Amino acid sequence: MNNRLAILAGARTPQAKAFGALADVTAVELSVHATRAALAKAKLTPEQIDEVIIGNVAGPPDSANVARVIALAAGVPHDRIAHTVNRNCASGMEAIVGGWQAIQSGRAKLVVAGGTESMSKIPMLVSEKTKAKLMLAARAKGLWARGLAYARLRPADLKPVLGVELGLTDPSCGLNMGETAEILAAEFSISREEQDAFAVESHRRAVTATQRCFMSGEIAPFTVAGTELKFDVGPRAKQSMEQLAKLRPIFRRDGSVTAGNSCPLTDGATSLVLCAEEQVAELNRDGGGHTEPLGFVTDYAIAGCDPRRMGLGPVFATAKLLERTGLSLSDFQLIEINEAFAAQVLACQRAFESAKFARDYLGRNTALGRIDPERSNVNGGAIAIGHPVGTSGARLVLTLLRALQERGLQRGLATLCVGGGQGFAMLVETQ
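Given the structure is predicted, the values throughout are model-derived calculations rather than measurements.

1. Let's talk about the pattern of salt bridges
Should their charged atoms come close, side chains of opposite charge can pair. Tallied over the full model, the rule gives 23 salt bridges. A salt bridge links Arg12 to Asp232, with the shortest nitrogen-to-oxygen separation between them at 2.8 Å. One end of the pair, Arg12, is in strand β1 (residues 5–12); the other, Asp232, is in the loop between β9 (227–229) and α9 (241–245), with 220 residues separating them in the sequence. For the pair Arg12 and Asp232, a shared accessibility class is recorded, and that class is buried. Notably, a salt bridge pairs Arg370 with Asp372, separated by 3.9 Å at the nearest N-O pair. A network of salt bridges, in which partner residues are shared, links Arg4, Glu277, Arg411 and Glu429.

Structure (structure tokens):
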């Protein structure tokens with residue numbers, strides 16, 4: 001990209017574990033709420049938006065091209081355009097890049113980009129065998145014929161196929177995401193205790209960030225059934241090593257990855273308002289827009305990797321970003337790395353520091369560098385806050401820019417692994 005992308009403002013919903021506080025809220029409703037809140041922060045109206053790009057993975061069956069449904073429901077005029085993007089866990093970040101491309105090409109001046117996911121509403125399916133029987137019943141003529149068709153159903157036919165389980169299993173390697181984390185835990189000799197300690201610290205940081213009202217600066221409270229949600233539901237103030245030690249491994253009987261040291265299935269949405277850097281001054285002259293943007297996206301990189309080791313995606317993507325920019329890992333003052341699993345983040349940390357990994361997989365003679373835990377995920381991460389898969393890429397960028405601003409810092413790295421074996425890394429700056 002030739003010019004920096006300005007992020008005028010951003011907002012998100014509270015995030016809640018799937019089948020919990022936001023279970024009855026659709027992906028459309030979540031994103032409409034975040035979009036309206038982001039526009040209000042940017043001092044813009046829906047009528048001023050040229051394009052809407054939303055990341056989403058599950059694809060609500062009743063809202064094809066969910067971004068278009070969101071745009072219209074948020075009040076964006078029908079003569080503006082919208083489309084949905086899916087790069088699995090990096091969909092929210094892909095939406096930002098899509099907005100940048102639309103602005104650079106001259107197709108749009110003001111773009112809403114972000115992500116939304118209701119993992120609660122991922123459908124339950126039926127087997128192909130059951131589907132065939134139900135189709136016969138639906139096509140049967142007359143009550144008697146229809147009754148005979150339904151009589152062919154057996155109890156086993158009523159067992160649902162969980163769409164969320166299918167979605168979290170990679171068809172190319174046959175492993176679900178948790179099983180890939182177990183591979184990394186074994187490969188990098190990461191103990192159960194290390195993973196649990198990482199999870200406890202994620203909760204501690206997220207709770208602290210909530211208590212000092214940092215998270216309130218990006219969360220737009222959401223009312224459900226008369227109850228106002230002001231905060232993320234996931235962070236636990238009293239999370240302890242003792243509690244986590246009681247949990248059984250869920251992906252391998254002799255494994256170390258548990259529900260406690262993994263991110264939960266989550267519902268939530270994030271929206272950002274984007275424009276070209278030079279557009280900011282024009283907006284201010286016209287009496288609208290934010291006086292000072294949250295920050296700027298300067299560069300990004302996307303990399304592919306072995307789907308069985310998909311959790312290492314941030315290492316591969318960051319290596320490409322460093323090569324493109326000439327920066328080193330130490331040049332980033334804060335880092336947000338999505339916590340899909342504690343084992344996955346810890347594996348990335350070790351791979352970043354490994355000269356052997358750099359030689360074997362990155363074509364480098366030296367290690368990429370060290371990720372200082374005190375500069376990484378300083379306000380907690382997805383293990384505590386949650387990971388609505390289509391949303392997290394945008395949420396990481398929003399949280400990172402706000403954390404940089406709070407500390408008077410300039411440069412940050414947002415990165416995450418991607419189911420299927422990819423990584424995404426984005427360079428952001430506040431000045």
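Back to the write-up after that little detour.
2. Let's talk about the pairing of strand β10 (residues 266–276)
When you tally the buried positions in β10, you get 11 out of 11 residues, the bulk of the element. Pairing of strand β2 (residues 16–17) with β10 involves two bridges; the strand directions are antiparallel. Bridging across to β10, Lys17 finds its partner in Thr266.

3. Overview of the side chain of Glu429
Looking at where Glu429 falls in the secondary structure, it is placed in strand β14 (residues 422–429). Within the structure, Glu429 has its side chain in polar contact with the side chain of Thr298 (distance 3.3 Å). Contact partners of Glu429, with chain neighbours within four places excluded, come to Arg4, Gly295, Phe296, Thr298, Leu401, Gln410 and Arg411.

4. Quick notes on the nonpolar core
Within the largest apolar cluster, 49 residues are counted, with the highest numbers of intra-cluster contacts made by Leu274, Val397 and Met426. The element best represented in this core is helix α15 (residues 392–407), accounting for eight residues. Ranked by size, the runner-up nonpolar core spans 47 residues in total, among them Val257, Cys305, Phe332 and Ala351.

5. Observations concerning the packing of helix α1 (residues 27–41) against helix α2 (residues 66–73)
Helix packing for two helices is described by the angle between their axes and how far apart those axes are. Running from N to C, α1 and α2 point in directions that differ by 50°, and their axes come no closer than 9 Å. Classed by the angle they form, the pair α1 and α2 counts as oblique. Here α1 runs over α2; the crossing is right-handed. Along its contact with α1, which presents Ala27, Val28, Ser31, Val32, Thr35 and Arg36, the element α2 presents Val66, Val69, Ile70 and Ala73. For the contact of α1 with α2, the per-class residue count stands at seven nonpolar, two polar and one charged.

Criteria and cut-off values
Residues numbered from 1 in each chain as written. Predicted model: local features only at pLDDT ≥ 70, side-chain atom pairs only at ≥ 80, totals over all residues. Heavy atoms only, no water. Salt bridge = Lys/Arg side-chain N within 4 Å of Asp/Glu carboxyl O. Helix = DSSP H or I, 4+ residues; strand = E, 2+ residues; numbered from the N terminus. Buried < 20%, exposed > 50% of the residue type's maximum accessible area, 1.4 Å probe, protein only. Pairing = 2+ DSSP bridges. Polar contact = N/O pair within 3.5 Å; in protein donor to acceptor, adjacent residues only side chain to side chain. Contact = heavy atoms within 4.5 Å. Core = buried A, V, L, I, M, F, W, Y, C linked by side-chain atoms within 4.5 Å. Axes fitted to C-alpha atoms, helices over the stretch in contact; angles between N-to-C directions. Parallel < 35°, antiparallel > 145°, perpendicular 65-115°, else oblique. Left-handed = near helix turned anticlockwise from the far one by under 90°. Nonpolar A, V, L, I, M, F, W, Y, C, P; charged D, E, K, R; others polar.

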